[in-house]
Every structure is written in C-alpha cells, then in structure tokens.
Amino acid sequence: MRVNRRELLYGMAAACVGPAVPTLSIALEKQAGLRNDAVRLRRRLEELSAYGRPAGGTFADGVSRVAYSDADVAGRNYAMNAMREAELKPRIDPAGNIFGPRAGADASLPRILFGSHIDSVPNGGNFDGDVGSMSAIEVMQTLEEHHVTTKHPLEMVIWSNEENLVGSPLAAGGLDGSVLSRVYNGIRMEDGLRKIGGDPARLAEARIAPHSFCCYLELHIEQGGTLDQAKIPIGVVEGVVSIDEYQVEIHGFANHAGTTPMRERRNALLAAAKLIAAVQDVVTREPGRQVGTVGQLQVFPNAHNVVPGLVKHSIELRDLSAEKVARMGDEIQRRAQEIAQETGTEIQITKVDHHPAAMADPEIQKTIEEAAAGLGLKTMRLPSGAGHDAQWMARLAPMGMIFIPSIGGISHSPKELTAWRDCANGANVLLQTILSLDRR
Ligand code: HGY
Ligand code: MN
Ligand code: MN
C-alpha cells in the first residue's frame, strides 16, 4: 500500500502532539485548499437583492432596503434562512443584531467574530454590506460541508441599521436607550427595533464585553475607486474614518414672496445656501482626504411664493483624524454665526452623532495579506472613507477589514457594482484569514 509521504508527515506530526484535535486532523494543506462556493454566493446576493427592489425593476435598479422597513424584515428573514442552510441557529439580540455561532474544538477559546450588514440607503446598491454578510454565511457553510472544526468558536453577525450606525454601537456601548425616540426612515427606533425582532426594554443585554471575542473581521466593498483604478483585487484596510454628524436648524421669517423687499427679508434658505458653501470651503481649504457633506435638506413652508422661514439640514464630516473632524466642525460653527448676522437669521448647529475613527490591527492586516498571497491575489493598504460596524467593534477587540473593488468607485447608488469574481475572491480571503487566525 503506497503511503502518501505528506499524509505520513502529517500523521507523524499528529502523533507527536497526542490525540489529534480536530484541526490537526484536517491537514493544513487541505485547509489552505478550501474555497467557498462562488456560484452559491452569487445566487444568494442576487436573491437577497429582490428584497427592496423597485417594483418592476431588475438587479441593476438597486435596492431600498432601509432599516426597519418591510423590505429589511424580509431581507433579514431571507438571511436567517440562508444561515439555517449553513447549519447555524440565528439569534436576534435586543438591538436587532443577528448572530450565528458555530462551535469550535476548544470552547474555552474566545470566538472569532465576523460579518457585516444588509440594510441599505434609499436607492442603494446590492453589494454594500450584502457581500460581507452573504460571505460570512458562505464561509460557515463551506466549513460545515468540508467537516472543518476550527479550534476557536466562530460567530457571524448581521448588524442592524448599519446605515445610521445603530446596531453595532448599541453592542459596543456607544449608544443606549436614550436614543430610542430617534426616527429612522420614518420609524421611531423603539418601534423599529421591535419590528425586526429586537427588544428596546433589554438593550443592556445587547452589550458585548470588551475582549470577550478574539477579533472582528469584515469583508466589504471599498465604496471608493482606489482599488478599481489600481486594478488591485484585495484592499487591506488601515483604518476607518471618524464621522461627526450635525443637525442644523435655521430660523428666518416666512413672508410674502411678492411684497417683501429684498433688504427686509430674513431668508432661511439663503442662509442655508451660504452655510452649505461655507462647509465646502472649510473642508476643501486644507490638503488631505477629509470630506464634508450636506445630504439632507428640508425647507418650510416649501412654497414657491413664500420666503422660507425655516430650513433644517444635515452636515456630515469625516477624516481618519478625529481632531481634524472636530476642528472643521468648530470652524463651521463660527462661519454659521457670521452668516446668521449677515442674513438676519438664527442658526443652531447640534452634533447628533460621533463615530470614532478606528485603526485596524497590524497583525490582522498582515494575516489578510498572507491569506490573499496564498490565493495569488495582490493587495494594497488603504483607509476606509466609509463608516463601518468594524469601527465600533474595534473598541472591543482587534479589528481587520478586507475590501474588494467598487467599479468606478460608485456606491450608495443603484449603479454600485462589484465583479462576481471579486466577490468570490473576497470571500475566499475572508475564509483563509479566519483559518489562519484560528491556527494562532
Ligand atoms: O455611510 C457610510 O459610510 C456607510 O456606508 N454606512
Ligand atoms: Mn456598508
Ligand atoms: Mn452604506
């Protein structure tokens, strides 16, 4: 009987360490050769995209699966059924986050946590969050099908309401019950949490203790154009930006558009226009990758023949440096008071959310690079201009993020697109990174 030399070597190695723990029984070579089922991953991404698709639309028309909507509930049910196909038993925590644990050989070891989200922005794309979430399920199913028992317990997670960064901050202690009256997508958070299976009365139970897991991994589309332009298939995230969100209220005086002389107007919309231009000026006047956006604006009474008396709008500032973000915010506050003086209006700017910048763990970055190299995939390191649940998980344990290219750098749009090959590559890098971390 011919004995394969390699099997012999592994057998001898196993004999040296006593009764082989399941991991050793799976030759490292076999682990290194493990690949996800790319066809199944694509099928799940296409099936998930149906929940929140515009009526009569196709995959290319994107999705509005906003948090707490009926489409969100339907998409979450779809994802939980897919988790069951991977032999997981999904659990929803009081914050609406969906967890799927998988036992490891040594239950005393801290679990490896990985996942993403499936809620979208209005008129969003079919890859933001979805790739990382469906890939997490795919990794679990691949391990199950190949009878791989990792040493560490594993747990996948689909965070709730990522687009407003709610589910993961609730888990990380960045938010608590004091925000239950907030309204997202027209639904009070308290009602939305119940609707998706959470429990606003038990939010404290959603808290994850620091260092209660060994690390957090997230696969995500880049949402910017760096990888696509560089023709590099895998991004290794260095860090996730700090985000400060503000609500602005500008009070002027509503009056007749025909009989109110220009010099007597207290035009709230004129003040808003000047303030939006000031945001652009403050953010662009110094070198760097910082960004500032006014994405929401409401005019009252919003009639063509009434001088606007009230305007409400958002301001969002981002950069890897929290200090720079805060400094820009202060300068915008100062400019706002000048504009208020000039236009005879009153401008109130209130900070409503702060998401801390988070640096990825250097060891995990290296592990991702080694996993990609093992798959013959080139990598580059880059920051994330998008916010992610990973930046909240980084406050509890070491974090790592894997990026795949967004074609044309487009995201938060029905035109968001990533090649299926890149989705498969990203999921395989996630799988191999998990196996490599597990062997630590
Ligand atoms: O807004 C963001 O950066 C993320 O896509 N939620
Ligand atoms: Mn996302
Ligand atoms: Mn997003």
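What counts and what doesn't
- Every residue gets a number counted from 1 within its own chain, in the order that chain's sequence is written.
- Lettering for chains starts from A, numbering for ligands starts from 1, and both go in the order in which the items are written.
- Under the rules for a predicted model, residues below a pLDDT of 70 receive no local features and side-chain atom pairs below 80 are neither given nor counted, while totals for whole chains, interfaces and linings still include all residues.
- With hydrogens and water set aside, each side-chain value is computed from the structure's full complement of heavy atoms.
- In this scheme, strands are said to pair when DSSP sees at least two bridges between them.
- The numbering of helices and of strands both runs from the N terminus, where a helix is a DSSP run of H or I of at least 4 residues and a strand a run of E of at least 2.
- Bear in mind that the domain bounds are from an automatic or database domain assignment.
- Contacts are assigned to residue pairs with any non-hydrogen atoms lying within 4.5 Å of each other.
- Defined here as a combined quantity, buried area equals the accessible surface (1.4 Å probe) lost by two parts on assembly, summed across both.
- Any Lys or Arg side-chain nitrogen located within 4 Å of an Asp or Glu carboxyl oxygen qualifies as a salt bridge.
- Each polar contact in these results corresponds to two N or O atoms within 3.5 Å; when the atoms are within protein, one needs to be able to donate a hydrogen and the other to accept it, and residues that are neighboring in sequence are counted only if both atoms are side-chain atoms.
- Three residue categories are used. Nonpolar comprises Ala, Val, Leu, Ile, Met, Phe, Trp, Tyr, Cys and Pro, charged comprises Asp, Glu, Lys and Arg, and polar comprises the others, including Gly.
- Coordinating donors are taken as N, O and S atoms within 2.8 Å of the metal, stretched to 3.2 Å for Na, K and Ca; because water is absent from the atoms, sites can appear incomplete.
- The buried label applies to any residue whose accessible area, calculated with a 1.4 Å probe on protein chains only, is under 20% of its type's maximum; exposed applies above 50%, and partly exposed to all values in between.
- Definition of nearness: a residue and a molecule or strand are near each other if at least one heavy atom of the residue lies within 4 Å of the molecule or strand.
- Here the open area of atoms and residues is found with the Shrake-Rupley method and a 1.4 Å probe, where only the protein chains shown may cover a residue.
- To form a nonpolar core, buried Ala, Val, Leu, Ile, Met, Phe, Trp, Tyr and Cys residues must be joined to one another through side-chain atoms within 4.5 Å.
- Angles shown run from 0 to 180 degrees and are taken between the N-to-C directions of axes, each axis being a line fitted to C-alpha atoms and, for helices, limited to the stretch in contact.
- Angles are sorted into four bins: roughly parallel if under 35 degrees, roughly antiparallel if over 145, roughly perpendicular if 65 to 115, and oblique for all others.
- Helix crossings fall into two classes, left-handed where the near helix is turned counterclockwise from the far one by less than a right angle and right-handed where it is turned clockwise.
- To pair, rings of Phe, Tyr and Trp, with the six-membered ring standing in for Trp, must have centres within 6.5 Å; the planes then decide the type, stacked if under 30 degrees apart, edge-to-face if over 60, and tilted in the middle.

*Asks:* How do you make sense of the pairing of strand β9 (residues 242-251) when you look at a structure like this?
*Replies:* Each regular strand carries side chains that alternate between the two faces of the sheet. Of the strand pairs in this sheet, β9 and strand β14 (residues 310-319) are connected by 10 bridges, and their pairing is antiparallel. Paired with Glu249 across the two strands is Lys312, which belongs to β14. As paired elements, β9 and strand β15 (residues 346-355) share 9 bridges and run antiparallel to each other. Opposite Ile243, over in β15, you have His355 as the bridge partner.

*Asks:* Would you take a moment to explain the domain arrangement of the chain for this structure?
*Replies:* By convention, interface size is frequently given as the accessible area that disappears when the constituent parts associate. Considered domain by domain, the chain is made up of domain 1 (26-240 + 357-439) and domain 2 (242-355). The centre of domain 1, based on its C-alpha atoms, is set 34 Å off from the matching centre of domain 2. Counting residues at the interface gives 14 residues for domain 1, matched by 9 residues for domain 2. Between domain 1 and domain 2, roughly 880 Å² of surface is buried when both sides are summed, and carbon and sulfur atoms account for 53% of that area. Of all residues in domain 1, Arg182, Ala357 and Pro383 bury the most surface against domain 2, accounting for 41% of the area lost on that side. Note that Asp353 is salt-bridged to Arg182, the shortest N-O span being 3.0 Å. Our count for the contact surface shared by domain 1 and domain 2 stands at 4 residue pairs in polar contact (both at pLDDT 80 or more). At the level of secondary structure, the elements contributing two or more residues to the side of domain 1 that touches domain 2 comprise β8 (234-240) and α13 (390-393). Looking at the side of domain 1 that touches domain 2 residue by residue, the classes come out as 8 nonpolar, 5 polar and 1 charged.

*Asks:* Just to check I follow, could you spell out the side chain of Ser384 for this structure?
*Replies:* Relative to the helices and strands, Ser384 resides in strand β17 (residues 379-384). Not counting the four nearest positions on each side in its chain, Ser384 is found in contact with Val237, Gly239, Val240, Val241 and Phe403.

*Asks:* Would you take a moment to explain the coordination of the manganese ion (ligand 2) for this structure?
*Replies:* Geometrically, a metal with four donors at the corners of a regular tetrahedron has ideal angles of 109.5 degrees, and one with six donors at the corners of a regular octahedron has ideal angles of 90 or 180 degrees. Binding of the manganese ion (ligand 2) to the protein goes through His117 (NE2), Asp128 (OD) and His220 (NE2), at separations of 2.1 to 2.3 Å. Sequence positions of the residues that donate to the manganese ion (ligand 2) give the spacing H-x10-D-x91-H. Between the manganese ion (ligand 2) and the manganese ion (ligand 3) the interatomic distance amounts to 3.5 Å, and Asp128 serves as a bridging ligand to the pair. Note that His117 is positioned in strand β3 (residues 111-117) and His220 in strand β7 (residues 213-221), a separation of 103 residues in sequence. The class for His220 is buried, based on a relative accessible area of 1%.

*Asks:* Which parts of the structure should I look at to understand the site of ligand 1?
*Replies:* Close contacts around ligand 1 come from Asp128, Glu162, Glu163, Gln223, Arg318, Ala386, Gly387 and His412, and that covers them all. Against a free-state accessible area of 210 Å², the protein chains account for coverage of 90% of ligand 1. For the shell around ligand 1, the class distribution of residues is 1 nonpolar, 3 polar and 4 charged.

*Asks:* Help me out: how do you make sense of the coordination of the manganese ion (ligand 3) in this one?
*Replies:* Bound to the manganese ion (ligand 3) on the protein side are Asp128 (OD), Glu163 (OE), Glu163 (OE) and His412 (NE2), at distances that span 2.1 to 2.6 Å. Donor residues for the manganese ion (ligand 3) sit on one chain with the sequence pattern D-x34-E-x248-H. Of the residues examined, His412 reaches a relative accessible area of 39% and is grouped as partly exposed.

*Asks:* Even after reading the chapter, I still don't get the side chain of Thr142, so can you show me in this structure?
*Replies:* Within the element layout of this structure, Thr142 appears in helix α6 (residues 130-145). Side-chain polar atoms of Thr142 contact the side chain of Asn36, separated by 3.1 Å. Apart from residues lying up to four places away in sequence, Thr142 is in contact with Leu34, Arg35, Asn36, Asp37, Arg40 and Leu431.

*Asks:* What exactly am I supposed to notice about the nonpolar core here?
*Replies:* Nonpolar side chains in soluble globular proteins tend to be buried together. Ranked by size, the top nonpolar core spans 49 residues in total, and within it Phe114, Met134, Met156 and Val429 carry the most contacts. For this core, the leading source of residues is helix α14 (residues 420-438), giving 8 residues. Contacts of Met156, omitting those with residues within four sequence positions, involve Met83, Leu88, Ile98, Phe99, Gly100, Phe114, Ser133, Ala136, Ile137 and Met140. In terms of nonpolar packing, the next biggest core, distinct from the first, is built from 25 residues, Tyr216, Ile232, Val240 and Met401 among them.

*Asks:* Sorry if this is basic, but what is going on with the packing of helix α4 (residues 38-48) against α14 here?
*Replies:* For any two helices packed against each other, one specifies the crossing angle of their axes together with the interaxial distance. Two elements in contact, α4 and α14, have axes whose closest approach is 10 Å; the angle formed by their N-to-C orientations is 115 degrees. Between α4 and α14, the angle falls in the class roughly perpendicular. As α4 runs across α14, the sense of the crossing is right-handed. Contacts from Ala38, Leu41, Arg42, Leu45 and Glu46 in α4 reach Trp420, Cys423, Ala424 and Ala427 in α14. In terms of residue class, the contact of α4 with α14 is made up of 7 nonpolar, no polar and 2 charged.

*Asks:* Is there a simple way to think about the packing of aromatic side chains in this case?
*Replies:* Geometry of an aromatic ring pair is reported as the spacing of the ring centres plus the angle between the planes. Inspection of the entire model under this criterion finds 6 aromatic pairs. Look at Phe59 and Trp420: their rings are 5.8 Å apart centre to centre, the planes differ by 45 degrees, and that puts the pair in the tilted class. With a gap of 361 residues between them, Phe59 in the loop between α4 and α5 (70-85) and Trp420 in helix α14 connect regions that are remote in the sequence. Look at Phe59 and you get partly exposed, because its relative accessible area is 22%. Every member of this aromatic cluster is reached through a ring pair, and the members are Phe59, Phe127 and Trp420.

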